[in-house]
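# Survey of secondary and tertiary structure
Here is how the chains run, residue by residue.
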Amino acid sequence: MICLLKPRNSLRLILAASLLPCLLRADADAAECSPDPSNIAAWWPANGNASDIAGTNNGIFQNGEAYDTGEVAQAFSLDGSGNNILVPASPTLDIGQSNGMTIEAWINPADLASGAPILEWALNGTYGTHFWISGSSAGSLYANLFGTDNLSHSLESAAGILTANVFQHVALTYDKTTGIARLFLNGGVVKQSTLGVFTPRTSSNFYIGYRPDGSPFGPIPFTGLIDEVTLYSRALSTNELQAIYNAGASGKCALPSPPPSLRIARNGTNISLAWPSSATNFGLQMADAALPPVGTWTNVSVTPVLTNNESVVTLPLGITKFFRLYHP
């Protein structure tokens, strides 16, 4: 999304008004991304932070924050030493309570010789729902939708379907109405099992790339890259997961709402440009014209200051520019 300021008088950007209208238009390449499936509960793109861009379930990087080139922009880089992302338990992460659930992500494992967690709801002394590589066989996909009934409900693909040091898209779905669970690799079903009707245990702390100490056989780290982790409160269809895989590096389309507003105001001999501090994935750009040719928008190099829950950039009053918020 691009937030573009259009002044009432293009020659008097600052003096025209203290609050200028903010218009939204889509990026030119937005059609290449996969439309967002409905019922997204949480989404961590891993683009330089562990923020949840679909809600408020922001992650906390533990034991060393690191990123690398992902399938879509950046990815979480997990070195096997135990660095991981912890997301505290919350009602919106408890997707096992819904009529279905989906977990999907891009993974690039460095090692397939032994089991390692992609994603896991972890508890002390017992299990929560978890999604792993190399369960009982090297290179397999494995999931256990451990239930509130304290029983395992597991399924595993054939061995050797995963590839080390390559990005591949993986997903787990469970439909509580039918009792059917499926494992997906690169948009295709690699295992389907009728597990019955139960409630997966998803009420505890959520980990990306880690099973912590205190959980059975923990700690166990993932080594490699994990990108675009997304949770849904329903079972996605094969067509929806195929579309996410087909989109590849274009990823899922950025969530269209709520869009951040860009506020402009005169402040003595300066102007202030402000937007909600919660819009962490947006940056400020400027140009000489409202709709310049590609490449003429430039990043504003001033570091925003956090003030009253807003990111604020202060510039000299005499500057005559157009401004926009930009989401890469």
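Right, let's walk through the structure included here. (Residues numbered from 1 in each chain as written. Predicted model: local features only at pLDDT ≥ 70, side-chain atom pairs only at ≥ 80, totals over all residues. Heavy atoms only, no water.)

On to the nonpolar core. In this structure, Trp44, Ile118, Phe131, Leu145, Phe206, Ile208 and Leu231 are the most contacted members of the largest nonpolar core, which totals 42 residues. When near neighbours in sequence (up to four residues on either side) are disregarded, Ile118 contacts Ile107, Phe131, Trp132, Ile133, Leu141, Val170, Tyr207, Ile208, Gly209, Phe222 and Ile226. Residues Leu262, Leu273, Trp275 and Val313 belong to the second largest nonpolar core, which totals 14 residues. (Core = buried A, V, L, I, M, F, W, Y, C linked by side-chain atoms within 4.5 Å. Buried < 20%, exposed > 50% of the residue type's maximum accessible area, 1.4 Å probe, protein only. Contact = heavy atoms within 4.5 Å.)

This part is about the sheet that holds strand β12 (residues 154-156). A sheet is described by the order of its strands in space; here seven strands give the open sequence β4-β7-β16-β9-β10-β11-β12, paired in antiparallel fashion. This sheet does not close on itself; its edge strands, each paired only once, are β4 (60-62) and β12. In this sheet, adjacent strand axes meet at a mean angle of 20° when their direction is disregarded. As judged from the three bridges shared by β4 and strand β7 (residues 84-87), these two strands associate in the antiparallel manner. Across the sheet, the residue bridging to Ile60 is Leu86, located in β7. (Pairing = 2+ DSSP bridges. Helix = DSSP H or I, 4+ residues; strand = E, 2+ residues; numbered from the N terminus. Axes fitted to C-alpha atoms, helices over the stretch in contact; angles between N-to-C directions.)

Glancing now at the state of the cysteines. Two cysteines, two sulfur atoms, one covalent bond between them: this is a disulfide. This model, assessed by the stated rule, comprises one disulfide. Put simply, Cys33 and Cys253 are joined by a disulfide, and their sulfur atoms are 1.9 Å apart. With the S-S dihedral at roughly 95°, the linkage between Cys33 and Cys253 falls on the right-handed side. Here Cys33, found in the loop between β2 (22-25) and β3 (40-44), pairs with Cys253, found in the loop between α1 (238-247) and β20 (263-267); they are 220 residues apart in sequence, far enough to count as distant. Here Cys33 and Cys253 have matching classes, each one buried. (Disulfide = S-S within 2.5 Å.)

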